[in-house]
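# Residue-level structure breakdown
For reference, the chains in residue letters:
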Amino acid sequence: MAAQKDLWDAIVIGAGIQGCFTAYHLAKHRKRVLLLEQFFLPHSRGSSHGQSRIIRKAYLEDFYTQMMHECYQIWAQLEHEAGTQLHRQTGLLLLGMKENQELKTIQASLSRQRVEHQCLSSEELKQRFPNIRLTRGEVGLLDNSGGVLYAYKALRALQDAVRQLGGIVHDGEKVVEINPGLLVKVKTITRSYQAKSLVITAGPWTNQLLRPLGIELPLQTLRINVCYWRERVPGSYGVSQAFPCFLWLGLYPHHLYGLPAGEYPGLMKVSYHHGNHADPEERDCPTARADIRDVQIVSSFVRDHFPDLKPEPAVMESCMYTNTPDEHFILDRHPKYDNIVIGAGFSGHGFKLAPVVGKILYELSMKLTPSYDLAPFRISRFPSLGKAHL
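Every chain's residues receive numbers from 1 upward, in the order its sequence appears when written. In keeping with the model being predicted, local features are shown solely for residues with a pLDDT of at least 70 and side-chain atom pairs are shown and tallied solely at 80 or more, while totals for entire chains, interfaces and linings include all residues. Each side-chain value is derived from all of the structure's non-hydrogen atoms; neither hydrogens nor water enter the calculation.

- The name given to the chain in an unreviewed UniProt entry is Pipecolic acid and sarcosine oxidase, with Macaca nemestrina as the source organism.
- UniProt positions are given in the numbering used here, feature names are shortened, and annotations may be inferred rather than shown by experiment. Looking at the Cofactor (unreviewed entry) heading of the UniProt record, one finds this comment for the chain: "FAD".
- The annotation that UniProt attaches to the chain under Sequence similarities (unreviewed entry) is "Belongs to the MSOX/MTOX family."

The structure is reproduced here in C-alpha cells:
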C-alpha cells in the first residue's frame, strides 16, 4: 500500500475548463487532488483557450437550461473569489425564420423555465439593430441572460483558485500509462502517482487514454476556424453600443454565432459552429485548402448580413471541438472500472456549463448521488459500444 502522503483522493487528467472545475469542486470539499496537464500552461492546443465564450440559458433541451441556472451562480461565486470580472451580460439574440423549429423549441423552453426573454418581429429587429441586414424577413428571440464569458481570465482564475484551495497543478506532464485497480496508478513522463479515483477530461486526447483501458468513445475531433472581422466604424458592433451576442439559425447545416467587438478593439468575432476533421497532434499545421470552406461561408454571411463589417477576416485563430454523434456530453464512469470517471465530448458548447459539469464529475468520482439526471450523458446511449469494446 502506498504511503498516505503519496495517495491522492483524485487525479484529474486535463487542465482545460472541465478538468479545472472538477479539481475546484474536489479541492473545495477538502479532497487531496492532483491536476495533470500535458502542455505547459497557458497553451492554445485544446478547447479552453481564447479570450471569450458565449454564456446563455437559451437551449433546445430543458436539461441544459436547468444546469445553466446553477452555472450562473457558480460563475458569479468564482468571480467574487477571484475579485475580477469574468462575465458581461449583453443578451443573446437568436435569429431565424418564424417557422424555424429550433427557434420555436428554444422559445418554448425559455417560457417553461421562466427565463426572461423577448420575441422580436422583423420590424422590431430593424429598429433595434439597424446594422443587421435581414434578407429573408427573419425574426428574433432575445435571451436577456446571455452574455460574454472572459474565457482566458476565467481559466486562469480557476487554476489559481484550485491552488489556493490546496489542489496541486502539474503542467508539462503528459500521462503515458494508466493502470486500473482499487487504487488507480497513473504514470507520467516524469513519475508515477496513485489515487482512489481518476477523472479523465482530456478533450481531443480522451480516446488515446481510454483505448488501453478497453474502450473507445464515438468522438470526432474537429479543427474550428475562429474568425474576427474588422468594423468599418469602430464600436458599431461593440458592447458599448449594447450589441448582443447572436446565434443565427437555419441558414446552413450548422449555426453561425458572433460576439460583440471587445477582445480585439474594432474586431467582432463571427464564426461557423463546425469545422474539419483534425488530429489533435497536428492542429498547429498550416491550414489546408479544405479548411477554408467554413471561412468562405462566414465571409459571405458577413457580407450579406453585417454591412458595417469588412467581409474578409482580419484575424484567424483555431480551436478544437470534440464532438459526440448527438452533441451531448459524456459524463459517466468507465463501464468496467467504477473509480475511473470520464468527462468528454463537449461538442463546442461545454465552456459555459463547466461549473456544473465539474460538480457532476466530482460527485461521480466520490461516489456521491449526482445532482442532475445523467441519462442524456451516459455512455450506454451509444448502442455500438457493447461488451466487445471492453
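That was the structure; now back to the text.
## Structural notes on the environment of Arg53
- Residue placement: Arg53 occurs in strand β3 (residues 52-55).
- Per-residue accessibility, obtained with a 1.4 Å probe over protein chains only, is compared with the maximum for each type, and a residue is labelled buried under 20%, exposed over 50%, and partly exposed between these values. Taking relative accessible area as the criterion, Arg53 reaches 16% and is therefore assigned buried.
- Taking the C-alpha atoms as reference points, Arg53 and Tyr150, separated by 97 residues in sequence, lie 6.7 Å from one another. Starting at the N terminus, helices and strands are each numbered in turn, a helix being any DSSP run of H or I of at least four residues and a strand any DSSP run of E of at least two.

## Section: the domain arrangement of the chain
- Segmentation of the chain into domains, including their bounds, is taken from an automatic or database domain assignment. Structurally, the chain comprises domain 1 (7-48 + 152-218 + 326-385) and domain 2 (89-148 + 220-323).
- On a C-alpha basis, the centroid separation for the pair domain 1 and domain 2 is 30 Å.

## Some words on the sheet that holds strand β8 (residues 147-150)
- What the three strands build is an open sheet, ordered β3-β8-β4; its pairing is antiparallel. Of all the strands in the sheet, the pair left with one neighbour each is β3 and β4 (87-89). On average, adjacent strands in this sheet sit at an angle of 25° to one another, irrespective of strand direction.
- Any two strands between which DSSP finds at least two bridges are classified as paired. As judged from the three bridges shared by β4 and β8, these two strands associate in the antiparallel manner. Axes, fitted as lines to C-alpha atoms, cover a helix only where it is in contact. Angles between the N-to-C directions of the axes lie from 0 to 180 degrees.

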